[in-house]
There are 2 protein chains.
Amino acid sequence: MSEVRRAVDPTRLASRITRDPFPASRKVYAEGPHGVRVPWREIALSDTIIQDSPEVTRLEKNAPLRVYDTSGPYTDPQAAIDVRTGLPKLREAWIAARGDTEQLAGPSSAFGRERAHDPATAALRFAQPPAPRRAKAGAGANVSQMHYARRGIVTPEMEYIALRENLQRAQLPEALEQNGGQHRGSWFGMRHAITGEFVRQEVAAGRAVIPANINHAEIEPMIIGRNFLTKVNANIGNSAVTSDIEDEVDKMVWAIRWGADTVMDLSTGKHIHETREWIVRNSPVPIGTVPIYQALEKVNGVAEDLTWELFRDTLIEQAEQGVDYFTIHAGVLLRYVPLTAKRMTGIVSRGGSIMAKWCLAHHQENFLYTHFEDICEIMKAYDVTFSLGDGLRPGSIADANDEAQFSELHTLGELTQIAWRHDVQVMIEGPGHVPLHMVAVNVEEELKHCFEAPFYTLGPLTTDIAPGYDHITSAIGAANIGWAGTAMLCYVTPKEHLGLPDRNDVKQGLIAYKIAAHAADLAKGYPGAQLWDNAISRARFEFRWEDQFRLALDPDTARAFHDETLPKEAAKTAHFCSMCGPKFCSMKISQDIRNAAQSQVAAGDLKQELARKAEEFRKTGSEIYL
Amino acid sequence: MSEVRRAVDPTRLASRITRDPFPASRKVYAEGPHGVRVPWREIALSDTIIQDSPEVTRLEKNAPLRVYDTSGPYTDPQAAIDVRTGLPKLREAWIAARGDTEQLAGPSSAFGRERAHDPATAALRFAQPPAPRRAKAGAGANVSQMHYARRGIVTPEMEYIALRENLQRAQLPEALEQNGGQHRGSWFGMRHAITGEFVRQEVAAGRAVIPANINHAEIEPMIIGRNFLTKVNANIGNSAVTSDIEDEVDKMVWAIRWGADTVMDLSTGKHIHETREWIVRNSPVPIGTVPIYQALEKVNGVAEDLTWELFRDTLIEQAEQGVDYFTIHAGVLLRYVPLTAKRMTGIVSRGGSIMAKWCLAHHQENFLYTHFEDICEIMKAYDVTFSLGDGLRPGSIADANDEAQFSELHTLGELTQIAWRHDVQVMIEGPGHVPLHMVAVNVEEELKHCFEAPFYTLGPLTTDIAPGYDHITSAIGAANIGWAGTAMLCYVTPKEHLGLPDRNDVKQGLIAYKIAAHAADLAKGYPGAQLWDNAISRARFEFRWEDQFRLALDPDTARAFHDETLPKEAAKTAHFCSMCGPKFCSMKISQDIRNAAQSQVAAGDLKQELARKAEEFRKTGSEIYL
């Protein structure tokens, strides 16, 4: 297990990163106040061919579909991107204009200063990291979005999000008119207008978070809350066993291409600091970390040697690099640890087990808990969002929803209220492994005991019997928990429990989770979510094969699968497909039926009309599609 | 689109079929009354290594796990199988002993007689099909399992099923004791004993069906009903565009290997009859078909030319070959067809669209509806089970749960009562494409309007935006609808909407659906379902890597994924894995915690004990796992 890392070669890295736009897609930008420019992916659709009679054919235009786009500038061929300098700093002017931060001369953490000039890691280092910003000293030094929200300020970040989340407004007027009112009613009461003010209210109430460290000015702001689109997180990161920095930057760009709304860098090993800088500088989505992993590296893996001082320095180090949210396992209390002893699978959270080990070894309370207010002081100086870790989450179906898990959840609620007293943003992490009938109660308990702070769950897996397919076992749980009100779903890849995900696993995990999140949004009745389904369904019914591929979550695979059976170009316009062949094509027969029925209006005319149509159909109908 | 089929070469076919047993697995047979021998797959597990102290290690045996096995004799290396003669006829003696059937000299259908001696298809023909059986003429000529059940008879098929469904009884006494009471309580009230008498009651009430044509004596009896294990169907079948007979027989064997409880042969094209004979004779699971497909072939694809007489001959032809259930689209009534005209995607059922076309062209009521009692007469003479087709199921999220769909469902309920008056078994087909929040009501409506007849659904897909991944979009819906009480889930493969599934797609579809079915069984609290999860969770916690692979739904993939990151044999016994590396292994830390906590018994001693353990832990604990 070598710790030697390959030097970062920016040219090689740049050549690896996928920058192709999606098929028939282009970036369009919606303009808002404060110079807000929200990117959408606009998918062009082909015309519908309407056969008015055997002789007369006409074309009808289909409005393009605009969809929420997490891929950042990478899919914009116009954007000049240099991995050595990182992405443009979209938020820089907004942050500066608030006048409540100061730019430091350099890192203020001991570790950050040490590593900035360490010759041993020079070849791995991002050459010119920006000088960190921090809230100006003094009473209330707080630059969190929650702090602004509670003072009634609608920030540019909030305006950006309001525009971005509004799927209906994104569509062209024709599409709106055409599809308006088609999406289903909801028990969720989500028929609110998504405005900057609405975003502000949700953040002020703690029901939503905007992970947006002032040192991560590169991000395209996004929100996590159950009254918004359900979000998806992708975990990346090397381990002591495998992978290098370029791999991880490439995986991050790949992950956002396939829909990751945030990315957690879970790297371990000796070069976490350098890896993170490359990722943050080049990421348009918020980055989360688990700082205890790096702290543990600093004490050579000996959990007992962890100290508050070391951890504090790590938080500052990472906050000044621009990490947007920290997983903090402050709810693993000493008295809860024995509750896990009789479990089928004990403690399965890495952070949770590290803190449990520390608590047991010292017979002291978890220092993350005892220093929680100190942590809040750091969080608000940079606007880092808490992701309160579920260190005692179940690791198997047998352990789901047990006393250890729910005891910790109650403590996370207590900590939420402390953080909120500091105007620090909070989300709550959740399980894990939960059978289907025990999923919804997790959300109910979280909303109740954590006061509606956004819930962020890992899956959950709904069975343990399918390693190799845990993206599926958990997508089932994720769709259900998302529907019940979970705000963000942490993906699980096919490699879960078996190995580290490679590029293809990252993609498979993301597609499964975009499906789960979208299924949840449909079930919640999120305004406009169904426009995408409607567009692809209509394309399918009209045999617009190219449009079906373009509108697919994964256009490449949809096309490849089609071509395996019917590779010829002609088959792309065929009015049937390989599943049924021409004689059995129900879609084609349906179109005949629709044509036969379309002139009927009044219900009273129905029988007569049908008789007439039956005759006409017999004369003209038969085998149009041979 | 050639209709030429390759001659069937039995030697080549036999060499293609996968007959390897699963790793570390063997067939064991449970004996019951009437010569009943129920096959189980028994998975051997390795010993747990217990480290009592740094010096003292001991081994603890783990009882093997027995699981429900659909794979038939193919995975038994002792079984002699000859594809030319087909599988042994397990049920032959039971059927003969009932004395209510007669063996015919040959097929009684016109088509069956014609094809038995057609020189053009000689090279495709199964050489010696068994002479068909039929109920003896006379009043009440009825050989259905429902007929027996209602007369109080517990058939050998019912005894077989009672033994087969009993997951707890399958385990060795130790395992039972060890795991008893671990599975979760249920809202479903399923804590009944699964006895032959219970099976009889469920079949008599119409709540369950046993698809078991007297001409398919080769099957290992199975049951479909919501108070039993959730079942999975796999569709296979060639189309006019692709594939041959050997491919389909191979796919059938492959499908049951990966867990298909029944297989539907949806072949179209000129040689449906010959393809079916090969499949039925070699299948240990019930085979379903959609007879209208073959009827349509017989009229060269012209729906208007279909007649009752032609259809009737097709039913008899297929019943005498041994098809166990027929999808019959008798609920597509003339007056419902216009309800589909304003849909996003019209009619998407092939059978439904054929019948709708026929109804419109003739302006007459569906002949399957008007001749329904005539169909019942055929069904009961061979014990073919109705699968009442949902010809008007929705083909898109936008069309879910609409008037057309539910109107047809009400008609299916009416037909169910007619079939039951004839003691003919019935299940009801369901959708299709349904967003998550509209799934459960499908089951509620079906149970209410179809009087608790078993529900058999296709998916449903919970979103339309992911062609290429519809095994996942639909596994989400399938798990939910299974939990709500659907008895059998028809799989969807990754190729759905794009192309015909190949061998790998069949496997991917099945794994996704076994996951959905098992997730549903866990949620329903099916007695013993959780034993499998518990076995793999315990193996995971104890780093028994080989056992994790063996216990996986797909052992081959689990092992391959593990080996991609850590290929060495030594890694199979490593007390950590590639995900976290040795320092971050939460499972290992958990074991330390368990050891530290295990001697605590009384709650009062807790604090003192923890302090003592903390001290001990500091002295001995640290890096055991380096």
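Residues numbered from 1 in each chain as written. Chains lettered and ligands numbered in written order. Predicted model: local features only at pLDDT ≥ 70, side-chain atom pairs only at ≥ 80, totals over all residues. Heavy atoms only, no water.

### Comments concerning the overall build of chain A
What counts here: Numbering of helices and strands runs from the N terminus; a helix is a DSSP stretch of H or I covering at least four residues, while a strand is a stretch of E covering at least two. Remark: exposure states derive from per-residue accessible area (1.4 Å probe, protein chains only) relative to the maximum for the residue type, with buried under 20%, exposed over 50%, and partly exposed in between. The criterion used for residue contact is that any of the two residues' heavy atoms lie within 4.5 Å. Reported accessibility uses the Shrake-Rupley method at a 1.4 Å probe radius. Residues are deemed covered only where the shown protein chains occlude them.
Secondary structure assignment for chain A yields 24 helices and 17 strands. For chain A, the proportion of its 626 residues judged to be buried stands at 69%. For chain A, the proportion of contacts with a sequence separation of at least 24, taken over those separated by at least 6, is 76%. When the accessible surface of chain A is summed, it comes to about 20100 Å², and 53% of that surface belongs to carbon and sulfur atoms.

### Structural notes on the pairing of strand β15 (residues 426–430) of chain B
All names here are of chain B. Note the threshold: In this description, strands pair whenever DSSP reports at least two bridges between them.
Burial within β15 is extensive, with five of its five residues counted as buried. Where burial is concerned, the two faces of β15 agree: the one with Val426, Ile428 and Gly430 and the one with Met427 and Glu429 are both buried. Sheet topology note: the strand β14 (residues 385–388)/β15 ladder contains three bridges and is parallel. If you follow Phe386 over to β15, its bridge partner there is Val426.

### Topic: the side chain of Asp505(B)
Residues and elements named next belong to chain B. Along the chain, the position of Asp505 falls in helix α19 (residues 503–524). For Asp505, a relative accessible area of 4% puts it in the buried group. When neighbours within four sequence positions are excluded, Asp505 is seen to be in contact with Thr493, Pro494, Lys495 and Leu500.

### Examining the UniProt feature "binding site: [4Fe-4S] cluster" (unreviewed entry) in chain A
Residues and elements named next belong to chain A. Put simply, the test is: UniProt positions are given in the numbering used here, feature names are shortened, and annotations may be inferred rather than shown by experiment.
Here the UniProt feature "binding site: [4Fe-4S] cluster" (unreviewed entry) sits at Cys577, Cys580 and Cys585. Positionally, Cys585 belongs in the loop between α22 (555–565) and α23 (586–597). We classify Cys585 as buried; its relative accessible area is 5%.

### A look at unusual backbone geometry
The residue after Pro431(A), namely Gly432(A), is reached through a cis peptide bond having omega 0°. For the peptide bond that leads from Gly459(A) to Pro460(A), omega is 10°, which places it in the cis range. Its place among the elements puts Pro460(A) in the loop between β16 (455–458) and α18 (470–483). Backbone geometry places Asn401(A), a non-glycine residue, at a positive phi of 55°. Checked against the element boundaries, Asn401(A) lands in the loop between β14 (385–388) and α16 (403–421). The phi angle at Ala24(B) is positive, at roughly 55°, despite the residue not being glycine. Mapped onto the fold, Ala24(B) is located in the loop between α1 (10–16) and β1 (25–31).

### Quick look at the UniProt feature "binding site: Zn(2+)" (unreviewed entry) in chain A
Counted only if it meets this: Distance and chemistry together define a polar contact, namely a pair of N or O atoms within 3.5 Å, with one atom able to donate a hydrogen and the other to accept it when in protein, and with adjacent residues in sequence counting only for side-chain atoms on both sides.
Here the UniProt feature "binding site: Zn(2+)" (unreviewed entry) sits at His433(A) and His497(A). Sequence-wise these annotated residues cover 65 residues; spatially they are packed, their C-alpha atoms never more than 12.3 Å apart. Here His433(A) is to be found in the loop between β15 (426–430) and α17 (440–449). Note on His433(A): relative accessible area 6%, which makes it buried. Sequence-distant contacts of His433(A), defined by excluding residues within four places in its chain, comprise Pro394(A), Gly395(A), Ser396(A), Ile397(A), Ala400(A), Pro460(A), Leu461(A), Asp464(A), His497(A) and Arg540(B). A distance of 3.4 Å separates a polar side-chain atom of His433(A) from the backbone oxygen of Gly395(A). When you line up the elements, His497(A) lands in the loop between β17 (488–490) and α19 (503–524).

### A word on the pattern of salt bridges
Opposite charge on two side chains lets them pair, provided their charged atoms get close. Residues and elements named next belong to chain A. For clarity, the cut-off: Here a salt bridge means any side-chain nitrogen of Lys or Arg lying within 4 Å of a carboxyl oxygen belonging to Asp or Glu.
Going through the model one piece at a time under the given rule, you end up with 85 salt bridges over all chains. Here Glu218 and Lys89 are joined by a salt bridge, their closest N and O atoms 3.3 Å apart. A residue pair is termed long-range when its members are at least 10 positions apart, and Glu218 in the loop between β8 (208–209) and β9 (224–225) and Lys89 in the loop between β5 (65–68) and α2 (92–98) qualify at 129 residues. Under the relative-accessibility criterion, Glu218 is labelled buried at 2%. A relative accessible area of 26% means that Lys89 is categorised as partly exposed. Through salt bridges with shared partners, one network takes in Arg6, Arg12, Arg16, Asp244, Glu246, Asp247, Asp250 and Arg503.

### Details of the sheet that holds strand β11 (residues 262–265) of chain A
Residues and elements named next belong to chain A. The cut-off we apply is this: Fitted lines through C-alpha atoms give the axes, limited to the stretch in contact for helices. The angle between two N-to-C directions lies from 0 to 180 degrees.
Reading around the barrel, the eight strands line up as β10-β11-β12-β13-β14-β15-β16-β17 and close back on themselves, with parallel pairing between neighbours. When strand polarity is set aside, the average angle formed by the axes of neighbouring strands in this sheet is 25°. Sitting on the sheet, helix α9 (residues 245–257) touches β10 (231–236) and β11, and the angle it makes with β10 is about 165°. Its contacts with the sheet put helix α15 (residues 372–382) on β13 (325–328) and β14, and the angle it makes with β14 is roughly 140°.

### Looking at the sheet that holds strand β11 (residues 262–265) of chain B
All names here are of chain B. Reading around the barrel, the eight strands line up as β10-β11-β12-β13-β14-β15-β16-β17 and close back on themselves, with parallel pairing between neighbours. Strand-to-strand twist of the sheet, defined as the mean angle between neighbouring strand axes without regard to direction, takes the value 25°. The pairing of strand β10 (residues 231–236) with β11 spans four bridges and is parallel. Along β11, the bridge assignment pairs Ala234 with Val263. Together, β14 and β15 form the strand contacts of helix α16 (residues 403–421), whose direction differs from that of β15 by roughly 170°. Running at roughly 160° to β10, α19 makes contact with β10 and β17 (488–490) of the sheet.

### A short note on the packing of helix α10 (residues 272–281) of chain A against helix α12 (residues 308–321) of chain A
Residue and element names in this part refer to chain A. Which entries qualify depends on this criterion: Angular relationships are summarised with four words: roughly parallel below 35 degrees, roughly antiparallel beyond 145, roughly perpendicular across 65 to 115, and oblique for the angles in between. Handedness of a helix crossing follows the sense of rotation of the near helix relative to the far helix, less than a right angle counterclockwise being left-handed and clockwise being right-handed. Amino acid classes used here: Ala, Val, Leu, Ile, Met, Phe, Trp, Tyr, Cys and Pro are nonpolar; Asp, Glu, Lys and Arg are charged; the rest, including Gly, are polar.
The interhelical angle for the contact between α10 and α12, taken along N-to-C directions, is 30°, at an axis separation of 10 Å. As judged from the angle between their axes, α10 and α12 are roughly parallel. Helix-helix and strand crossings are classified by hand; for α10 and α12 the assignment is right-handed. In contact with His273, Arg276, Glu277, Val280 and Arg281 of α10, α12 contributes Glu317, Gln318 and Gln321. Looking at the contact of α10 with α12 residue by residue, the classes come out as one nonpolar, three polar and four charged.

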